[in-house]
Amino acid sequence: MGPLQIKELLQQTPDAKSVTLKGWVRTKRESKNAIFIALNDGSTIHNIQAVAAPGQFSAELLLTVTTGSCLKITGQLVESQGSGQAVEVKIEDLHVYGTADPEAYPLQPKRHSLEFLREIAHLRPRTNTFGAILRIRHSLAFAVHQYFNEKRFFYLHTPIITASDAEGAGEMFRVTTLDLDKLPRTEEGAINFKEDFFGREANLTVSGQLEGELGAMALSKIYTFGPTFRAENSNTTRHLAEFWMIEPEMAFFELEDNMDLAEDFVKYVIRYALENCKDDLAFLENRLSEEDKNKPQNERSIPLLEKLSFVVDNPFERLTYTEAIDILLKSKPHKEKKFQYPVGWGIDLSSEHERYLVEKHFKKPVILTNYPREIKSFYMKLDDDGKTVRAMDVLFPGIGEIIGGSQREDNYEKLLERVHEVGIDPETIWWYLDTRKFGTAPHSGFGLGFERLVLFVTGMSNIRDVIPFPRYPKSAEF
RNA sequence: UCCUGAAUAGCUCAGCCGGUUAGAGCAUCUGACUGUUAAUCAGAGGGUCGUUGGUUCGAGCCCAACUUCGGGAGCCA
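Residues numbered from 1 in each chain as written. Chains lettered and ligands numbered in written order. Predicted model: local features only at pLDDT ≥ 70, side-chain atom pairs only at ≥ 80, totals over all residues. Heavy atoms only, no water.

(A) Structural context of unusual backbone geometry. Backbone geometry places A16, a non-glycine residue, at a positive phi of 65°. You can see A16 is positioned in the loop between α1 (6–9) and β1 (18–30). You can call A16 partly exposed: its relative accessible area is 35%. Not every positive phi belongs to a glycine, and F252 is a case in point at roughly 70°. With respect to the secondary-structure elements, F252 resides in the loop between β11 (242–251) and α6 (255–276). (Helix = DSSP H or I, 4+ residues; strand = E, 2+ residues; numbered from the N terminus. Buried < 20%, exposed > 50% of the residue type's maximum accessible area, 1.4 Å probe, protein only.)

Shown next, in the form of structure tokens:
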């Protein structure tokens, strides 16, 4: 099963047993009586210190041990003579797997900007910051599956390629095998997609929800967790063209059950990270507070662990859209005309409004419900007043909307009416409408953008830094 | 896509009112020192200033376009 990793070795008792280390050099320090090599293999944020005696190895060999080079070291695990670490490895044999020319290797032992690291996304996982982020990302993904498994949800694999263009969740990436230089035409001159691979137009999915509902109407509780694609020309710190989405869908869940699940779920995965990623979170918290030292007092943020614990330990604030509008109308920024966009019943809340509610008024996560039907999707269940729908958005400080969900319209006639209203051809989603024809049931679900969750938990500020290889307009290098 | 700011050494930045040979810190290399902790001290090498065009006797600095990046907004998860 491979050699012991540094994470395990650091926990062992230093009894001079022979061990093998494999990893990448972070720093090398040479002194009169000893040569110190800090080695990291990504299993933990911590490095292990390996020590050689001067003259033990040739100068030529030592010259190739530079930051970024990869080594295999065998030696004895002993108690460290220096302070700063409990154990270290007394080197007996040293082999260089791969060198890293210090003049050419871009990661040197100094602080680099996140913007620069984005340009070298193939190497940035080797930094402390990205190592921590990627390990936390893994733990959160694992917690997602563990949570749903414990709650008896089934993991449903919804298609990545879809022929449905009715979801209305955004611009789509086209999938085709047609020769772009020689497009087949119909007699009318339009592109003839009958000759395309699927015999029709196809795209990358923008959401697995509609297929998720099909699963819920058979298995009762399902969730999806997969990549999602939006061809929007969005250039922000919160959007990606390719991102991972978690979408549970539950039969016999009403809006309140949906909210309970969303809150419980988010708290569970954050708690999992708090319990299982202590070292990485502590590193990121420290990194953030170092950054904060350069900021004026009033712009400093609360420490990361404190922020996460607060979210886990306190109930989310729940209120209706109508109540939220009332709060905004009575708010100071509205009275002083500080809002850029006008406030009034019927508006789609802009991020300044959401930020006011979450960050200024309630100072905690907020769940907004019962939005006007006009600003929400066709599949959301109409309230009895006919004006609002059973929608819910979970808003997080600094992130904005992290979850969007609703109770779904389960009445065939009402759903069909909405389909016509928003201009969807019912023929294209006949299979979706069939669920309301055959054994319809009240059901609910929501979607959570995984990267936004990772953004919140790591305290990072740009979504491009919480996915290994971000995809966004004009960027698909790696 | 819109608004706004930026682009100078490997990285992070400074560069005065347009004027001789473009500076610093970190990194790298060399030396000294040291059971060191992203060590410390000294020295060295390294850039034609994003691209194109323009204004000018003269442009890193002024103007225009383009490209890329940051921040904000919209769309959303």
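(B) Expanded view of the environment of H334. Residue placement: H334 occurs in helix α10 (residues 332–335). With 34 residues separating them in the primary sequence, H334 and L368 have C-alpha atoms 19 Å apart. Residues within four places of H334 in sequence aside, it is in contact with L328, L329, F339 and V343. (Contact = heavy atoms within 4.5 Å.)

(C) Highlighting the protein's contact with RNA strand B. As a matter of local geometry, RNA strand B sits amid 50 residues, with R29, S83, T236, H239 and R452 nearest to it. Among all atoms of RNA strand B positioned within 4 Å of the protein, those belonging to sugar or phosphate total 48%. Measuring from a base oxygen of RNA strand B, one finds a backbone N or O atom of K32 at 3.3 Å. Only β1, α3 (114–119), β11, β15 (400–407) and β16 (443–449) provide two or more residues apiece to the surface near RNA strand B. (Near = heavy atom within 4 Å. Polar contact = N/O pair within 3.5 Å; in protein donor to acceptor, adjacent residues only side chain to side chain.)

(D) Main features of empty space enclosed by the protein. Enumeration according to the criterion identifies one cavity of 30 Å³ or more in this entry. Quantified by volume, the largest cavity comes out at close to 30 Å³. Residues of the lining of the largest cavity, tallied by class, amount to seven nonpolar, no polar and two charged. (1 Å grid on protein atoms, 1.4 Å probe; cavity = no way out; pocket = protein on both sides within 12 Å on 5 of 7 lines; lining within 4 Å. Points joined across faces, edges and corners; volume = space filled by probe spheres on them. Nonpolar A, V, L, I, M, F, W, Y, C, P; charged D, E, K, R; others polar.)

(E) Spatial organisation of the sheet that holds strand β7 (residues 161–162). Within the open sheet, the three strands sit side by side as β7-β9-β8. Their pairing is antiparallel. Edge positions in the sheet fall to β7 and β8 (174–175), since each of these pairs with one other strand and no more. As paired elements, β8 and strand β9 (residues 202–204) share two bridges and run antiparallel to each other. In the sheet register, V175 faces β9, and the bridge partner there is A202. (Pairing = 2+ DSSP bridges.)

(F) Examining the packing of aromatic side chains more closely. Tallied over the entire structure, the rule returns 20 aromatic pairs. A ring pair is formed by F148 and F265, whose centres lie 4.9 Å apart and whose planes are at 25°; its orientation type is stacked. Separated by 117 residues along the polypeptide, F148 in helix α4 (residues 128–150) and F265 in helix α6 bring together distant segments of the chain. Ring pairs connect the aromatic residues Y147, F148, F153, Y155, Y223, F265, Y268 and F446, which therefore count as one cluster. Over the ring of W345 we find K387; its NZ or CZ atom is 5.9 Å from the centre of that ring. The cationic tip of R464 hangs over the ring face of Y472; the distance from NZ or CZ to the ring centre is 3.6 Å. (Phe/Tyr/Trp six-rings, centres within 6.5 Å; stacked < 30°, edge-to-face > 60°. Lys NZ or Arg CZ within 6 Å of the ring centre and 35° of its normal.)

(G) Seen up close, the pattern of salt bridges. As enumerated under the stated definition, the model contains 27 salt bridges in all. As a salt-bridge pair, R118 and D465 come within 2.8 Å of each other at their nearest N and O atoms. On the criterion of sequence distance, the pair formed by R118 in helix α3 and D465 in the segment after α14 (450–458) is long-range, its members being 347 residues apart. We note that R118, like D465, is buried. Taking the shortest distance from any N to any O, the salt bridge between D410 and K381 comes out at 3.7 Å. Separated by 29 residues along the polypeptide, D410 in the loop between β15 and α12 (412–421) and K381 in the loop between β13 (366–369) and β14 (391–396) bring together distant segments of the chain. (Salt bridge = Lys/Arg side-chain N within 4 Å of Asp/Glu carboxyl O.)

(H) Region of interest: the pairing of β16. Here β16 lies mainly inside the structure; seven of its seven residues are buried. Burial of β16 is two-sided: the residues H443, G445, G447 and G449 facing one way and the residues S444, F446 and L448 facing the other way are all buried. Bridging between β11 and β16 involves five bridges; their strand directions are antiparallel. Counted as the bridge partner of E249 is G445 from β16. Relative to β16, β15 runs antiparallel, the two sharing five bridges. Its bridge partner being in β16, G404 is matched across the sheet by G447.

(I) Region of interest: the sheet that holds strand β10 (residues 221–229). Read across the sheet, eight strands follow the order β6-β10-β11-β16-β15-β14-β13-β12 without closing on themselves; strand pairing throughout is mixed. Strand pairing shows two members of the sheet lacking a second neighbour, β6 (154–155) and β12 (317–320), which therefore form its edges. Bridge count for β10 against β11 is nine bridges, and the pairing is antiparallel. Looking across to β11, one finds that T228 is bridged to F243. Contacts from helix α11 (residues 351–362) reach β12, β13, β14 and β15 within the one sheet, and its direction differs from that of β13 by about 135°. (Axes fitted to C-alpha atoms, helices over the stretch in contact; angles between N-to-C directions.)

(J) Summary view of the confidence of the model for chain A. This prediction gives chain A a mean pLDDT of 94; 98% of its residues lie at or above 70. Confidence estimates for the predicted assembly give a pTM of 0.96 and an ipTM of 0.92. (pLDDT = per-residue confidence, 0-100.)

(K) How the structure looks around the environment of R452. Along the polypeptide, R452 turns up in helix α14. Along the chain, R452 and I463 lie eleven residues apart, while their C-alpha atoms are 6.9 Å from each other. Beyond its immediate chain neighbours, meaning those up to four positions away, R452 contacts R238, H239, I399, E401, I402 and I463.

(L) The arrangement of the domain arrangement of chain A in detail. The domains assigned to chain A are domain 1 (6–107) and domain 2 (126–154 + 217–225 + 254–465). Each partner contributes residues to the interface: domain 1 has ten residues there, and domain 2 has eight residues. Buried area between domain 1 and domain 2, summed over both chains or domains, comes out near 750 Å², and the portion from carbon and sulfur atoms is 47%. Counting the surface domain 1 buries against domain 2, the share from its top three residues, R26, I45 and L107, is 62%. Where domain 1 touches domain 2, the interface holds zero salt bridges. Our count for the domain 1 to domain 2 interface comes out at six residue pairs in polar contact (both at pLDDT 80 or more). (Domains from an automatic or database assignment. Buried area = accessible area lost by both parts, 1.4 Å probe.)

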